[in-house]
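Spelled out, the chains give:
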Amino acid sequence: MPIPRRRTVLGAAAAALAAPALAACGGEGAGGGSKTLRYTLWDQNQYPAMIKAAKEFESQNPGVHISLELVPYGQYWTKLQTAAIGGTAPDVAWMSTLTFQLFAAYDQLLPLSTAANAASIGAANYPPALVEAYAWKGQQYGLPKDYDTIGLWYNKQLFDKAGVRYPDATWTWSDLRDAARKLTDKKAGVHGFAAEMSNQSCYYDFIYQNDGFVISPDRKRSGYDNPRTVEAITFLIDMIKDGSSPSMAEIVDSGSASLFQSGKLAMTYQGSWMTPQFAAVPLLKKYGDVTVMAKGRKRATITNGLGNCVFRTTRNPELAKKFALFMSGKRTGEIQAEAGVVIPGYRGTEKAWLATNKQWQLQSFIDEVPYAVPFPHSINSTAWQDDEQTYLPQAWAGYDDIGDATRKLADAMNLDLRREARTA
Amino acid sequence: MSTETNPTGGTKRRRRLGIRGREALWGYGLIAPTALGLGVFYVWPVIQTLYVSFNSWGPFGGLKWLGLDNYRELFKDEAVGRSLLNSALYTLMVLIGIPVALVLANLLNRRLLRGKSFYRVLYFLPVVTMPTAVAMIWRWLLNGDFGLVNYLLGKVGIHGANWLSDPNTALIAIAAVGIWASLGYNIILFVAGLQSVPDQLYEAAELDGAGPVTVFFKVTLPLVSPTVFFVAVITVINALQVFDLIYLMMSTSANPALPATRSIVYLFYQRAFMENDRSYGAAIAFLLMIIIVICTAVQFRLQKRWVHYE
């Protein structure tokens, strides 16, 4: 390569000056034949069960072909939005309670029935919190194909060593805190509990157990200036301060799940979806177990579940609705339960899921359903979730006072909610 | 036909034009594929992005004219200022990689060095490794409790930080990885530049009794200065656009160091694709483009003082 001349330098510099381009490219025509349904999902682990269920739907409906499209979660929502703008949205797609409202509010989805008439599509067979989460302005857009709750996972070996009674359904916050202190063994590098800044599987649960809230029920106001909310966060951060929880930095670097898996953590709040991962760890298979979370002022667990929703642009609306209901229905529930990855949404089908890991009290996850709270959300949830990620870690790491951090967070979140109300 | 009826100077001129015209036509034909690609996939989207930045763009399209609102908000947004500062700091730190690459290239260019290709491959490997892999590996190496970096520091009695979750060290750690990852590319360019320096100049310098350090500063450096300039321009542009490294190294659930490391492109991604405010994202993208143009223009101005073209 010769010494670059001035021209070459100029040319290369010009080529490298990139302004990230935003223009979306609309492709052509959706799907192939008139009887093909495109179904989009993101979880590799659930893919085999989904294929199996789709095959059964095909055999029950001759001439129908289901084409499954697996899109990695990182691009899932951007891709769906772009496809919707370009008119190439799939017929049926997985939705999460967090994003469902965005698609519903912008009129991208086809209702399955009116919300009042939801019983006609079998809504009574699903966790009520999640049926409600897929309703929007008097219409029912989806039913949960699965759901998750959070449990108190613990390591019996560490409990035995410290001589502490195993946790059970009678536990309250103070039992949790006292046990965490006793279980902490600085020399062995063992902590009692992970006060993690993780929304669904930690601080959201504490907030609702303390009768606080993240977002007001009308979804117009932040709950971070609510004293109960602040109190719950303080309870957690105090566990870091007194040493019974690993520090923020330790949790960020290693993750509470891996600390638990390596026997460095006696108790942790983790979702039902962690079951297959923990089952692969010999230590936990032998010494691990799970029970319901400790009771605060009241009982609560954050729940989330995926829904099957139909896009407005489908060419076969009736068939697509039938398929969406089938993929949330009883038979699909049974197939999912056998696969053992998620708890199926259809009542009664979870039995096979419980049987996948008989060594643990998995029933605890199902016992929590009556007081489950849907994952806090609004139309544009990601906007204020970003605020949480900006302000809360400062409090968790001790760089900022809890009161100041939550006040700043409440202001930023309220601003986002006002903006949301303006644009929607 | 016209040649027969009008055999004067005019025809000659027309024929000359014809040849020139045909040549021009060939020229246009040959650059057409590139120009077309550049126009469709580059210039047009840039124009569209500019247009979008003056509108509001809903999550599912639908433009509404906003005028300068997005830009007004841009100057009020604290996160924008902080991110610009982070990007600037990152760029300054990454520039340190240039002298390092130049010195290494000089060593790799030694005639007497054994296993030259081995070292070159070693330095070039990170360049051909996927950025994701680089980021993931370094995340493990820099882990505060179990990372190799802190383990080695512990051996010599230094208690290492939680590099990636401490706001004071996170950006430095990322910049170090950024330098490491781009070293190979810069070395290749410098080696190429060094090899085109004529041998007789070195011989003449040696005859005049110049030592290796003098030779480096008086002969090598001026002659490779165009390469240094080229590398500097590209490094600044790339550094101002840093995103993947930060995104991948910082994206754990909640990291207190995020505000101290979030680059302007990261903020763009967050606003446009996570918070669904595409038009505000477009305004950020445009601000960045203007900053890059200014930085590059300044560099071109300054080069007259230190870059020697043969």
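Parameters at a glance
Residues numbered from 1 in each chain as written. Chains lettered and ligands numbered in written order. Predicted model: local features only at pLDDT ≥ 70, side-chain atom pairs only at ≥ 80, totals over all residues. Heavy atoms only, no water. 1 Å grid on protein atoms, 1.4 Å probe; cavity = no way out; pocket = protein on both sides within 12 Å on 5 of 7 lines; lining within 4 Å. Points joined across faces, edges and corners; volume = space filled by probe spheres on them. Helix = DSSP H or I, 4+ residues; strand = E, 2+ residues; numbered from the N terminus. Nonpolar A, V, L, I, M, F, W, Y, C, P; charged D, E, K, R; others polar. Salt bridge = Lys/Arg side-chain N within 4 Å of Asp/Glu carboxyl O. Buried < 20%, exposed > 50% of the residue type's maximum accessible area, 1.4 Å probe, protein only. Pairing = 2+ DSSP bridges. Axes fitted to C-alpha atoms, helices over the stretch in contact; angles between N-to-C directions. Contact = heavy atoms within 4.5 Å. Domains from an automatic or database assignment. Buried area = accessible area lost by both parts, 1.4 Å probe. Polar contact = N/O pair within 3.5 Å; in protein donor to acceptor, adjacent residues only side chain to side chain. pLDDT = per-residue confidence, 0-100. Expected span 1.5 Å × (residues − 1). Parallel < 35°, antiparallel > 145°, perpendicular 65-115°, else oblique. Core = buried A, V, L, I, M, F, W, Y, C linked by side-chain atoms within 4.5 Å.

Caption draft 1: View of the layout of surface pockets. As a volume, the second largest pocket reaches approximately 1500 Å³. Together, 47 residues line the second largest pocket, and D416 and R419 of chain A together with E73, D77 and R271 of chain B are the ones closest to its centre. Those elements that place two or more of their residues in the lining of the second largest pocket are α18 (381-396) and α19 (402-423) of chain A together with β1 (55-58), β2 (61-65), α3 (69-76), α4 (78-95), α13 (258-261) and α15 (278-306) of chain B. A total of nine residues in the lining of the second largest pocket trace back to one element, the largest contributor, which is α19 of chain A. Among the residues forming the lining of the second largest pocket, the class breakdown is 17 nonpolar, 10 polar and 20 charged.

Caption draft 2: The pattern of salt bridges, seen in detail. One pass over the full model with this rule turns up 21 salt bridges over all chains. In this structure, K321 of chain A and E318 of chain A form a salt bridge, with 3.6 Å as the shortest nitrogen-oxygen distance. With K321 of chain A and E318 of chain A both in helix α14 (residues 317-327) and three residues apart, the pair spans about one turn of that helix. Given a relative accessible area of 57%, E318 of chain A falls into the exposed group. The partner of E275 of chain B in a salt bridge is R271 of chain B, and the shortest N-O contact between them spans 3.1 Å. For R271 of chain B, a relative accessible area of 12% gives the class buried. Through salt bridges with shared partners, a single ionic network connects D386 of chain A together with D77, R262, R271 and E275 of chain B.

Caption draft 3: Focus on the sheet that holds strand β11 (residues 265-271) of chain A. Residues and elements named next belong to chain A. Spatially, β10-β11-β9-β12 is the arrangement adopted by the four strands of the open sheet, whose pairing is mixed. Either end of the sheet is taken by a strand with one partner, and the two such strands are β10 (191-193) and β12 (288-291). Each neighbouring strand pair of the sheet contributes to a mean axis angle of 30°, computed without reference to strand direction. Pairing of strand β9 (residues 150-155) with β12, which is carried by four bridges, proceeds in the antiparallel orientation. Paired with W153 across the two strands is V290, which belongs to β12. Sitting on the sheet, helix α7 (residues 173-183) touches β9, β10 and β11, and the angle it makes with β11 is about 135°.

Caption draft 4: Layout of the domain arrangement of chain A. Residues and elements named next belong to chain A. When the domains of chain A are assigned, the result is domain 1 (36-147 + 304-348) and domain 2 (150-301 + 377-423). Each of domain 1 and domain 2 was reduced to a C-alpha centroid, and the two centroids are 30 Å apart. Of the residues lining the interface, 13 residues belong to domain 1; the matching set on domain 2 comes to 11 residues. Carbon and sulfur atoms make up 53% of the area that domain 1 and domain 2 hide from each other, which totals about 940 Å². Summed over the shared surface of domain 1 and domain 2, the result is zero salt bridges.

Caption draft 5: Structural view of the domain arrangement of chain B. Residues and elements named next belong to chain B. Under the domain assignment, chain B is made up of domain 1 (2-52) and domain 2 (69-306). Taken over C-alpha atoms, the centre of domain 1 sits 41 Å from the centre of domain 2. Counting residues at the interface gives four residues for domain 1, matched by six residues for domain 2. Between domain 1 and domain 2, roughly 420 Å² of surface is buried when both sides are summed, and carbon and sulfur atoms account for 82% of that area.

Caption draft 6: Molecular detail of the interface of chain A and chain B. The interface of chain A with chain B comprises 46 residues on the first partner and 59 residues on the second. Summing the contributions of chain A and of chain B, the shared interface buries around 4700 Å²; its carbon and sulfur component is 62%. On the surface where chain A and chain B come into contact, there are 11 residue pairs in polar contact (both at pLDDT 80 or more). Looking at side-chain class alone, the side of chain A that touches chain B contains 29 nonpolar, 10 polar and seven charged residues.

Caption draft 7: Examining the confidence of the model for chain B more closely. With 94% of its residues at a pLDDT of 70 or more, chain B has an overall mean of 89. Considering only residues more than four positions removed or in separate chains, one finds that residues 1-10 of chain B, a stretch of pLDDT under 50, has four contacts.

Caption draft 8: Summary view of α18 of chain A. Its 16 residues place the ends of α18 of chain A 22 Å apart at the C-alpha level, agreeing with the 22 Å of an ideal helix rising 1.5 Å per residue. The first or second residue beyond α18 of chain A is G398 of chain A, which carries a positive phi of 80°.

Caption draft 9: Quick look at the packing of helix α8 (residues 199-209) of chain A against α18 of chain A. All names here are of chain A. At their nearest, the axes of α8 and α18 sit 14 Å apart, and the two run at 75° to each other. Relative to α18, the element α8 lies roughly perpendicular. Together, N199, Y203 and Y204 of α8 and W384, Q385, E388, L392 and W396 of α18 make up the contact between the two elements. For the contact of α8 with α18, a count of residues per class yields five nonpolar, two polar and one charged.

Caption draft 10: Spatial organisation of unusual backbone geometry. Residue D211 of chain A is not a glycine yet carries a positive backbone phi of 70°. When you line up the elements, D211 of chain A lands in the loop between α8 and α9 (227-241). The phi dihedral of N276 of chain B is positive, around 60°, even though this residue is not glycine. By the element assignment, N276 of chain B lies in the loop between α14 (264-274) and α15. Accessibility expressed as a relative area gives 8% for N276 of chain B, which makes it buried.

Caption draft 11: Geometry of the nonpolar core. L74, Y90, I174, I187, F190, L245 and M249 of chain B are the most contacted members of the largest nonpolar core, which totals 77 residues. The biggest single contributor to this core is helix α11 (residues 212-240) of chain B, with 16 residues. Ignoring sequence-local partners within four residues, the contact set of M249 of chain B consists of A135, W138, R139, L142, L164, I174 and V177 of chain B. Residues I150, M197, L236 and I302 of chain A belong to the second largest nonpolar core, which totals 56 residues.

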